[in-house]
Amino acid sequence: MAISTVNPTTGVTEQVFEAHSTEEVERRIASADEAAKILRGTSYARRAEWMKATAQLLEAEAEELGRLITLEMGKPIAQSVAEVRKSAASMHFYADNAEKFLADTPLEDPSVVGASKAWTTYQPLGAVLAVMPWNYPIWQVIRFAAPALMAGNTGLLKHASNVPQSAIYLDTLFERGGFPAGSFRTLLIGGSAVAPVIADPRVKAVTLTGSEPAGRSVASIAADHVKKSLLELGGSDPFVVMDSANVPAAAATAVRARISNNGQSCIAGKRFIVHTDVYDEFAAEFARLMGELVVGDPMDPATQVGPLATADGRDELAGLVDDAVALGAQVLVGGSAPQGEGYFYLPTVIAGLSDEMRLVQEEAFGPVASLYRVRDREEALQVANQTTFGLSSALWTNDAAEEQWFLERLEAGAVFINGMTVSNQELPFGGIKRSGFGRELAAEGIREFCNLKTLWKA
Ligand code: NAP
């Protein structure tokens, strides 16, 4: 895959980049390793000062960087700018909280282990490789980098090959904020060049956000070298609407959950599972609202849904819908790519699904919603849990006993009740099943790439 910016709104190749040579990758790994030695010796206060200065750069450049995101991957401009601001906020969050999250923990009564004192402390690992996706080109990277650097680690970024300008922006960002040279570097390489980087003894761990095949490959290479890996993979999140729910509110939220980021979000509600007593009302309202969305140029502030990021992604999505239709599913709205340039796909609601359709098992990475009619909570749960994924979920009910019943049984890393899943720096984020392992964000996220050292004193 070429490392290039292709504008998904027009299909025009804007810029093509040479991949880094083996020698350049070596230089960058060496500088991340050297910087790790410096960073681990700095105080939290000093790192926080640099992190806040870096956040201020992001805030000051949010509009310009937002336009770059939209140019490279096509999300509506307001969402791009919001992504940059959210990234800056999470940098402040880790600057303010890292020391607290990584504070030493004493054992209350050390005599039980025969010690005068026993405690644990968190120490950085060193250089960590981050393999990142294009769908949130800044946020996905910052939510790794902010805690990693505040913990005293350094970062090496292998970004998706279709967002090279975002990757290049991030290459210099932390140094501009005051961090020692080498604290965070971009490696402009393709997926096939990742293995030797993971194998390098100076690289201590790897985190990947992306698809299941990429995760499987990266985690197995890490396992070969007995290195820690963290995987944030795909999702096909259920959005369950039970008969006690506020149906108009659920339908309006369902639209936002499905089309945010042009539908290309791992935590988007993708499968809408609705109790038969409210199904007709929900389906009609949901399809009406999806059909009214403004699809067009993502640089236009009036646009609600832009193009998909790549031609392949659009074709893959169209293939899922076509397969379902060929096997008897009904399209309530959308169901096709509009004529004209760019990688657009119309917001789509599809019903009448059956198990042999690919859409039932696979992740629909675009504005396509699947609707399921269920008789009761047992059937709702069965449909919710029937995929191999387990990232997040949404549950709409006003029945407390039913709520508790679902919370205990939904196979997911999170449940958002009477709302939609969003990532938030204050809340741990991650999945189970084939959505991956490990957690990002909150206190749990910063602890993932630390050595939890146990200390015992006679
Ligand atoms: P992708 O194709 O897996 O790419 C993700 C990253 O992995 C890119 O940097 C890619 O590089 C690299 N990569 C791909 N194959 C690789 C391999 N064999 N070895 C090493 N690196 C490899 O995924 P995507 O299409 O960019 O992103 C969409 C997927 O990410 C969706 O499944 C979505 O649900 C998931 N996602 C998950 C989360 C989460 O937090 N759980 C968040 C966002 C997205 P190249 O671009 O050079 O191929």
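Here we summarise the structure given alongside this text. As the structure is a computational prediction, the values presented were derived from the model and not from experiment.

### A word on the packing of helix 9 (residues 247-259) against helix 10 (residues 276-292)
Turning to step 1, where the next piece is worked out: Axis separation between helix 9 and helix 10 bottoms out at 9 Å; the angle between their running directions is 45°. By the angle between their directions, the pair helix 9 and helix 10 is classed as oblique. Here the hand of the crossing between helix 9 and helix 10 comes out right-handed. Note on element contacts: helix 10 touches helix 9 through Val278, Glu281, Phe282, Glu285, Phe286, Leu289 and Met290, opposite Val247, Pro248, Ala250, Ala251, Ala252, Ala254, Val255, Arg258 and Ile259.
Turning to step 2, where the next piece is worked out: Class assignment for the residues of the contact of helix 9 with helix 10 results in 13 nonpolar, no polar and three charged.

### Comments concerning the pattern of salt bridges
Turning to step 1, where the next piece is worked out: Under the defined criterion, the tally for this structure stands at 26 salt bridges.
Turning to step 2, where the next piece is worked out: Among the ionic pairs, Arg143 bridges to Glu440, the shortest N-O distance being 2.8 Å. Here Arg143 is found in helix 5 (residues 139-150), whereas its partner Glu440 is found in the loop between strand 19 (436-437) and helix 15 (442-447), with 297 residues between them in sequence.
Turning to step 3, where the next piece is worked out: Of the charged contacts in the structure, one is a salt bridge between Asp280 and Arg373, with a shortest N-O distance of 3.0 Å. Here Arg373 lies in strand 14 (residues 368-374) and Asp280 lies in helix 10, a separation of 93 residues in the sequence.
Turning to step 4, where the next piece is worked out: One network of salt bridges, with partners in common, ties together Glu24, Arg27, Arg28, Asp171 and Arg185.

### Section: the site of the ligand
Turning to step 1, where the next piece is worked out: Taken together, 30 residues lie around the ligand, and Met132, Ser161, Ser211, Leu233 and Glu363 are the ones closest in.
Turning to step 2, where the next piece is worked out: Side-chain polar atom of Trp134 to an oxygen atom of the ligand: 2.8 Å apart, as the coordinates give it.
Turning to step 3, where the next piece is worked out: In this structure, an oxygen atom belonging to the ligand sits 3.2 Å away from a side-chain N or O atom of Arg143.
Turning to step 4, where the next piece is worked out: Counting residues per element, the ones that place at least two in the shell around the ligand are helix 5 and helix 8 (212-224).
Turning to step 5, where the next piece is worked out: In terms of residue count, helix 8 provides more of the shell around the ligand than any other element does, three residues in total.
Turning to step 6, where the next piece is worked out: For the shell around the ligand, a count of residues per class yields 14 nonpolar, twelve polar and four charged.

### Quick word on the sheet that holds strand 3 (residues 105-106)
Turning to step 1, where the next piece is worked out: Read across the sheet, three strands follow the order 3-4-20 without closing on themselves; strand pairing throughout is antiparallel. Each of the sheet's edge strands pairs with one partner strand only, and the pair in question is strand 3 and strand 20 (450-457).
Turning to step 2, where the next piece is worked out: Relative to strand 20, strand 4 (residues 117-124) is paired through eight bridges, and the arrangement is antiparallel. Residue pairing in the sheet places Thr120 in a bridge with Thr454 of strand 20.

### Examining helix 8
Turning to step 1, where the next piece is worked out: Over its 13 residues, helix 8 runs 18 Å from end to end, which matches the ideal 18 Å to within 8%, given 1.5 Å per residue.
Turning to step 2, where the next piece is worked out: Those residues of helix 8 that sit buried are Glu212, Gly215, Val218, Ala219 and Ala222. When helix 8 is viewed along its axis, its buried side chains cluster within an angular range of 130° and face the same direction. Facing away from the buried side of helix 8 by more than 90 degrees, the exposed set consists of Pro213 and Asp224.
Turning to step 3, where the next piece is worked out: Check the buried side of helix 8 and you find it contacts helix 7 (195-199), strand 8 (203-209), strand 9 (228-232), strand 15 (389-390) and strand 19.
Turning to step 4, where the next piece is worked out: In the stretch just after helix 8, Val226 is the one whose phi turns positive, near 50°.

Thresholds applied
Every chain begins its residue count from 1, and numbering advances along the sequence as written. With pLDDT at 70 or above as the cut-off, local features in this predicted model cover only qualifying residues; side-chain atom pairs require 80 or more to be listed or tallied, and sums for whole chains, interfaces and linings still use all residues. By convention in this description, side-chain values take in all heavy atoms of the structure and omit both hydrogens and water. To obtain each axis, a line is fitted to C-alpha atoms, and for helices this fit is confined to the stretch in contact; angles are then taken between N-to-C directions over 0 to 180 degrees. Only runs of H or I of at least four residues qualify as helices and only runs of E of at least two qualify as strands under DSSP, and these elements are numbered from the N terminus. Throughout this description, any angle smaller than 35 degrees is read as roughly parallel, any larger than 145 degrees as roughly antiparallel, any in the 65 to 115 degree range as roughly perpendicular, and the remainder as oblique. Handedness of a helix crossing follows the sense of rotation of the near helix relative to the far helix, less than a right angle counterclockwise being left-handed and clockwise being right-handed. In what follows, a contact means two residues having at least one pair of non-hydrogen atoms within 4.5 Å. Following the grouping adopted for this structure description, the nonpolar residues are Ala, Val, Leu, Ile, Met, Phe, Trp, Tyr, Cys and Pro, the charged ones are Asp, Glu, Lys and Arg, and the polar ones are all others, Gly among them. Any Lys or Arg side-chain nitrogen located within 4 Å of an Asp or Glu carboxyl oxygen qualifies as a salt bridge. Think of it this way: one heavy atom of a residue within 4 Å of a molecule or strand is enough to make that residue near it. By the criterion applied in these results, polar contacts are pairs of N or O atoms within 3.5 Å in which, for protein atoms, one can donate a hydrogen and the other can accept it, and in which residues neighboring in sequence qualify only through two side-chain atoms. The pairing criterion is simple: DSSP has to find at least two bridges between the two strands. A helix is expected to reach a length of 1.5 Å times the quantity of its residues less one. Here's how the labels work: a residue is buried when its accessible area is under 20% of the maximum for its type, exposed when over 50%, partly exposed in between, all with a 1.4 Å probe on protein chains only. This arc is built from the directions going out from the helix axis to the C-beta atoms.

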